[in-house]
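Inside the fold
One letter stands for each residue in the lines below.
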Amino acid sequence: MNAPKDPTEVAQNATTDGAVVDLGTELPPPPPLSGPQSSLHGMSISAMAICALVGIVAMIALITVRWPGNSERVMIALIVFASIGFLVSASTAVFSAARDSYPRRSGRQHDS
């Protein structure tokens, strides 16, 4: 059996063979902080909350109260519109957050 070698000798031989690559001790720079979210993102989240609350209250009211005449249809329409509003607001919030994650260009663009 071969006797274990000195660790510094092993490291020197490994670098000459190309088997070990020194990556250095420097840490990569931290990613730049993203700026504040746009007001569209905040408004979309607020609209999501409002639509969710309106939809939940309308569902509970539809289930628990006996509505006369066409009032039941109005409640169902309210639930449907609250659901559509929630989905639109959620989509807007996601897309505006994605847009805000890209760096903004400063200055005007000049036509070539």
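The paragraphs below set out a description of the structure included in this document. (Residues numbered from 1 in each chain as written. Predicted model: local features only at pLDDT ≥ 70, side-chain atom pairs only at ≥ 80, totals over all residues. Heavy atoms only, no water.)

Take the overall build of the protein next. A count of helices and strands for the protein gives 3 helices and 0 strands. Helices (α) and strands (β) of the protein occur, in sequence order from the N terminus, as α-α-α. Split into buried and exposed, the 112 residues of the protein put 15% on the buried side. Of the contacts formed within the protein by residues at least 6 apart in sequence, a portion of 71% connects residues at least 24 apart. Counting only carbon and sulfur atoms, one obtains 65% of the accessible surface of the protein, whose full area is about 9900 Å². (Helix = DSSP H or I, 4+ residues; strand = E, 2+ residues; numbered from the N terminus. Buried < 20%, exposed > 50% of the residue type's maximum accessible area, 1.4 Å probe, protein only. Contact = heavy atoms within 4.5 Å. Areas by Shrake-Rupley, 256 points an atom, 1.4 Å probe, with all protein chains shown as cover.)

A cluster of nonpolar side chains, contributed by Ile76, Val80, Phe81, Ile84 and Val88, occupies part of the molecular surface with about 470 Å² of accessible area. Along the chain, Val80 turns up in helix α3 (residues 71–100). Relative accessible area serves as the criterion here: at 41%, Val80 is assigned to the partly exposed category. (Patch = residues over 30% accessible without salt bridge, like charges linked within 9 Å, V, L, I, M, F, W, Y side chains within 5 Å. Salt bridge = Lys/Arg side-chain N within 4 Å of Asp/Glu carboxyl O.)

Look at helix α2 (residues 39–64): 37 Å from first C-alpha to last across 26 residues, which is about the 38 Å you get at 1.5 Å a residue. Among the residues of α2, those classed as buried are His41, Ser44, Cys51, Gly55, Ala58 and Ala61. Contacts from the buried residues of α2 go to α3. (Expected span 1.5 Å × (residues − 1).)

Quick look at α3 now. Taking 1.5 Å per residue, 30 residues should reach 44 Å; α3 reaches 42 Å between its end C-alpha atoms and fits that length. The inward-facing, buried residues of α3 contact α2.

Below, the discussion takes up the side chain of Ser44. Within the fold, Ser44 resides in helix α2. Residue classification places Ser44 among the buried positions, given a relative accessible area of 5%. In terms of polar contacts, Ser44 uses its side chain to reach the backbone carbonyl oxygen of Leu40, at 2.8 Å. Residue contacts for Ser44: discarding those within four places in its chain leaves Ser89, Thr92 and Ala93. (Polar contact = N/O pair within 3.5 Å; in protein donor to acceptor, adjacent residues only side chain to side chain.)

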